[in-house]
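Structure assessment
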Amino acid sequence: MGSSGSSGIVSALALAAALAGPAAAVDLTVAGIEINQAVQFGGTPLIGENVTMVRVTVGVANAPGDVPNVDALLRVFVDGEEVDGSPFRSVNGPITAPRAPRRDVLNHTVNFTVLPPVSEDVDFRVEVNPDRLVTETNYDNNGGAALDNVFLCRKTIDYAFVSTDYRPGGGQPPADLIEPGIGDGFLRAIYTVGEWNYHASPLPPLVWTQDINATATQFLNTLRDIRTVQIPNAGYPAPEFVYGWLPGNPYSGNGRAIGIPGDVAFGNSQTIRHQRTMAHETGHLWGLSHHSRTINTVGLDTEHHLHDTERLPQLFPPNKLDVMVAGQLTNAAFVESLTYTAAVNDARSQCGLAPLGRPGAEPALRISGSIHNLTRRVSLDPVMKFDPGVVDPSRPDGDIWIVGYDGQGNELFTIGYVTDSNLHPCGESDPSAPPVTYEFSPIHVLAPAAVNQTPVTRVEIVDRATGMVLASRQASPHPPIVAFVGAGNLALVNGRVRIEWTGADPDGDSLSYNLLYSPNQGSDWFPLVVNTGQTSFEFDPGDVVGSRGRQALLKLVATDGFNVQSAVSGPFELIAASPPATYLITPNDGSVHLIGAPIAFHAAAWDKEDLMLDGDSIAWTSDRDGPIGAGRIPLSAALSAGTHVITVRATDDDGDFSEDQITINVVPRPISISCENVKKLKGKCKDSGIATAVVKLKTDEFDGSEVTIRLDDRNFEVTIEGKAAKLTTCCFQGRIEIELIRPGGCVPTRNIDCP
C-alpha cells in the first residue's frame, strides 16, 4: 500500500527536493470527503458490500496555479478496527489539484475504491500529500475524516431474465446483449441493493409466436406465470423480478411493466437503449412513474458498468435526465435521488425477508386476460390449473372482483384485483409525444381450484363500481383427451428432441397445451412450451437440467378453457451438461489501473443445481501474478505492473466449471516531471535509418513514469527506466527533429541527419 514507513519518507523527501524548484508557499488540506455509490446529496443512503468511491477534494492555498503531484492515502476503520488492506492508495493519483475544483470532473478529486461491510460505524481518515511529493509550508493540517458512516443491510435481489424465441421475427436476442454485466449494466449502475443475482431463468427460452404489439398483455401474463408458478414448480425460489428480452426492436413501446409496482416486465434489445430501458421498466416495478426531472447532482458509475456497450464516462453531469423520464437512450440518463432511494426503501430489498420458496400443495387456477381501459371489456385466456400454486391475496383497493362458483352456483371465493396500475406507456418510439393511456391492461390472478374440497366450475370478472359482470368462464361437461405419440418408449435422448402428442375435446372446445419436463420423477417440472395450440415441439436438452439415469418424465397439460387434463410419459434418460454460467462483470476489458490501487473484481455465477455461487466456488487468477482472490467481488491491490489476462472460474458442487476472461493493464503512477529534473536530450541515426532519442534525468525517482518525445512529426510515449527514457524507431531519411514535448520547453530541440 502507500509508503508510510521511514524508507518511504526518505525517498519522498528526495523527490520533493527535486520537484520543489523555487521556494514555494503551498499549503494543502482536505477540503471535502464524498462517499458515493451512484449519487450523493449529502444524506443519500449507503449500502454495505457494494463498491464505493471515496472522493477527496484537496484544498489549495498560497499557490500561483494548480498544484501537480498531489496524492493521498485513505484509512478505513469498521467498528473501531482498521480493515484489511488499509491504508488504501488512490485509483487516480497523483492528480493536479485545481485551485477551483469541480465535482463534475473526475480527476479534480483524489479518488479511492473501497468495499465497506454492513456497519453503523465506518470511519474514513484521509492524509493528503503523504509522501511529500509537494513542498508545503505546513504538513500538520493534511488530515481529514468522515466519521460514523452507516452502511445499511440490503438483501440480494433475485432477478431472472427470459430469452424470448420470437417467431414472428428475430428468434432469440443476442446472448451477449442480455447477459449479466451487460443487460443489467444500467440497473447495477443506479440501483444499490445487497447484490443483483441477475441470471438466466432456469427454464428453456420462451417461445412466442404472436405479434408482440398485439399480445403485450398476454406476454406479461406469461412472464408472471413464469415467476409465480413455473420457476417454483421447477424447484427454485420465486425471483423478486422476471424480465423478458425480445430480439432487436419489435415492440413499438420499447418496453412495458405489468404494473406500478409490479414483478415482471419486458423490453427490446436494441443496443442504443436496451440497458436503460431495462432499468426504466424495473423502476416501474419498484413503484415509480414517469416524470421530467434531471438528476440534479453529479452521477457516478462507481464500477463503470456503462462502459459497455455505449462507452459512457463514469461521471454524469447534473443536467442528465433521470432514468424514469420516458423515451430516452442509454446515453441520455442516469438517476436522481428519489429514484435511487426507491430500491433502498422497497420492501422486497429489505434484509431479513426470505425469498418466496416453493408453493404449498394447494391446486390453483390461473385466471388471466386483459381489460380494455376505456370500455372495461374483458378478454379471458384459457384457465390453466397448476398443482401446486400460490393463491394471490385479495386487494381491498381492487377495481374488479374475480369471483369463483361451484356447480350449484354457490360463491366460493372473491379476490379483489387492481387493473389501473399499468396505464401509461413509455412512448419510447416518440419521446416528444404526450403520455397516453394503454388500451389494454393485463389481468393475472392465481385463485383456488377448490374450496373445502368443492371444485370451482365457473369464474366471473365483476366491475366493482357498477356490479356488472365483465366476463365469465364456465367449465364444459367433459375434460379434454390427450396422449403422447411414442413418448412412452423414449430410452436415451442425446441431441435435439422432438415431442408429438394428440388432443381432442368431446365438447368441441379448442385446446391449449403446456409441455413440461421433469429430471427427477416428477418432483420438479420445467415448462418446455406453454400456451401453445400446436401438437409437437422440439427442444434442446442443454436448456434444462439432465436427469440422473432413467428418471426423466414428460407431462402434457391440456385445457379446454376451464377443464384441465394431463398425460405423463414413461421414464427415460436425458443427458445434458450443465456447468455454471460465469460472467466477469468488472473491471472492463482493456481498462488501465495504477499500481497499488485496489481493483474490484466483480463476477456473476449461477448454476441450475446450486443456484448463486460465491466464496471459494469463484476463483480469480492473473496469468502474470497467479491467484488474486475468491468470491463474487474480491478487492485486490497486489497486481504487478504490466498486462494481465484475468480469469474468473466458477465451479459447482459436481466439479463442473466455466470461465470468463478479460485483459487489463497495470501501470506506474504518473508523477509529473518538471524541467528542473531534465538533464539533457540527445539523439542519433544509423545508416539503416534507425533513429534513437534519449532523455536523461537528474534522479531515478521517476523510474516507470513516461515522457513524450516527438520524432519528426510523430509522438511517442516512452517509459523511464532508471534515469533515462530511450526511444529507438525507424525508418527515416534526411534531417529530422527530436523534441521533448512532455514536459515541454525544458531542453532545446535537436536535429539529426539520417542517411
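The rules behind these values
Residues numbered from 1 in each chain as written. Predicted model: local features only at pLDDT ≥ 70, side-chain atom pairs only at ≥ 80, totals over all residues. Heavy atoms only, no water. Helix = DSSP H or I, 4+ residues; strand = E, 2+ residues; numbered from the N terminus. Contact = heavy atoms within 4.5 Å. Areas by Shrake-Rupley, 256 points an atom, 1.4 Å probe, with all protein chains shown as cover. Lys, Arg positive; Asp, Glu negative; His and termini not counted. Charge placed at Lys NZ, Arg CZ, Asp CG, Glu CD. Disulfide = S-S within 2.5 Å. Buried < 20%, exposed > 50% of the residue type's maximum accessible area, 1.4 Å probe, protein only. Expected span 1.5 Å × (residues − 1). Polar contact = N/O pair within 3.5 Å; in protein donor to acceptor, adjacent residues only side chain to side chain. pLDDT = per-residue confidence, 0-100. Pairing = 2+ DSSP bridges. Axes fitted to C-alpha atoms, helices over the stretch in contact; angles between N-to-C directions. Salt bridge = Lys/Arg side-chain N within 4 Å of Asp/Glu carboxyl O. Patch = residues over 30% accessible without salt bridge, like charges linked within 9 Å, V, L, I, M, F, W, Y side chains within 5 Å.

1. Some points on the overall build of the chain
When helices and strands are counted, the chain shows six helices and 57 strands. The principal-axis extent of the C-alpha atoms belonging to the chain is close to 100 × 55 × 50 Å. Pairs at least 24 apart in sequence give 68% of the contacts found in the chain among residues at least 6 apart. Total accessible area computed for the chain in this model is approximately 30200 Å², and 49% of it derives from carbon and sulfur atoms. With 54 positive and 87 negative side-chain charges, the chain shows a spacing of 7 Å between the two charge centroids.

2. Focus: the state of the cysteines
Applying the stated criterion across every chain, the model contains three disulfides. Across the disulfide, Cys-153 is cross-linked to Cys-351 (sulfur-sulfur distance 1.9 Å). Its S-S torsion of about -95° marks the bond between Cys-153 and Cys-351 as left-handed, since a negative value means left-handed. Residue Cys-153 is located in the loop between β11 (143-152) and β12 (156-166), and its partner Cys-351 is located in the loop between α6 (337-345) and β22 (364-372); the two are separated by 198 residues in the primary sequence. Classification of Cys-153 as partly exposed rests on a relative accessible area of 34%. With its sulfur 2.1 Å from that of its partner, Cys-675 forms a disulfide with Cys-746. The disulfide joining Cys-675 to Cys-746 has a torsion of about -75° about its S-S bond and is therefore left-handed. Residue Cys-675 is located in the loop between β50 (657-667) and β51 (678-685), and its partner Cys-746 is located in the loop between β56 (734-742) and β57 (750-754); the two are separated by 71 residues in the primary sequence. Each bonded cysteine in the chain gets a number by its place in the sequence, and the pairs come out as 1-2, 3-5, 4-6.

3. Some words on helix α4 (residues 216-233)
Taking 1.5 Å of rise per residue, 18 residues should cover 26 Å, and α4 covers 24 Å from first to last C-alpha, within 8% of that figure. Of all 18 residues in α4, 17 are buried, a share of seventy percent or more. Once α4 ends, the next one or two residues include Gly-235, with phi positive near 100°.

4. Structural notes on the side chain of Ser-441
Of note, Ser-441 is situated in strand β27 (residues 440-448). Take Ser-441: its relative accessible area is 0%, and that puts it in the buried class. Side chain to side chain, Ser-441 and Asn-373 meet in a polar contact 3.2 Å long. A polar atom in the side chain of Ser-441 sits 3.4 Å from the backbone oxygen of Thr-419.

5. Thoughts on the confidence of the model for the chain
With 92% of its residues at a pLDDT of at least 70, the chain reaches an overall mean of 90. Under a pLDDT of 50 for its full length, residues 1-24 has, in the predicted model, 38 contacts with residues more than four places off or in other chains.

6. Focus: the sheet that holds strand β42 (residues 592-594)
With mixed pairing, five strands are arranged side by side in an open sheet as β42-β50-β49-β46-β47. Whereas interior strands pair on both sides, the edge strands pair on one side only; in this sheet they are β42 and β47 (626-630). Adjacent strand axes in the sheet meet at a mean angle of 35°, parallel and antiparallel pairs treated alike. Two elements, β42 and β50, share three bridges in a ladder whose sense is parallel. Across the sheet, residue His-593 finds its bridge partner in β50, namely Val-666.

7. As for the pairing of strand β3 (residues 52-61)
Buried residues dominate β3, accounting for eight of its 10 residues. Of the strand pairs in this sheet, strand β1 (residues 27-36) and β3 are connected by nine bridges, and their pairing is antiparallel. Looking at the pairing, Asn-36 lines up with Met-53 of β3. As paired strands, β3 and strand β9 (residues 110-114) are joined by five bridges and run antiparallel to one another. Each bridged residue has a counterpart across the sheet, and for Val-54 the counterpart in β9 is Phe-112.

8. Brief notes about the pattern of salt bridges
Counted under the stated rule, the structure contains 30 salt bridges. One salt bridge connects Asp-225 with Arg-366, and the closest N-O pair in it is separated by 2.5 Å. With Asp-225 in helix α4 and Arg-366 in strand β22, the pair connects residues that are 141 residues apart, well separated along the chain. The exposure class assigned to Arg-366 is buried, which follows from its relative accessible area of 3%. Of the charged contacts, one joins Arg-649 and Glu-659 as a salt bridge, the two residues approaching to 2.7 Å between their closest N and O atoms. Taken together, the residues Arg-649 in strand β49 (residues 642-651) and Glu-659 in strand β50 connect sequence positions 10 residues apart. For Arg-649, a relative accessible area of 34% translates into the label partly exposed. For Glu-659, a relative accessible area of 39% translates into the label partly exposed. Taken together, the shared-partner salt bridges in this structure form one network comprising Asp-184, Arg-188, Glu-195, Asp-614 and Arg-632.

9. A few points about a positive patch on the surface
On the surface, a cluster of positive charge is contributed by Lys-679, Lys-680, Lys-682, Lys-684, Lys-686, Lys-723, Lys-726 and Arg-750. Broken down by element, the positive patch gets its largest block of residues, four residues, from β51. Along the chain, Lys-726 turns up in strand β55 (residues 724-729).

10. What about α6?
Those residues of α6 that sit buried are Thr-339, Tyr-340, Thr-341, Ala-342, Ala-343 and Val-344. Where α6 is buried, its residues contact β2 (46-47), β11, α3 (185-190), α5 (274-286) and β20 (321-322). The N-cap residue of α6 is Glu-336: its side-chain oxygen and the backbone nitrogen of Leu-338 are 3.2 Å apart.

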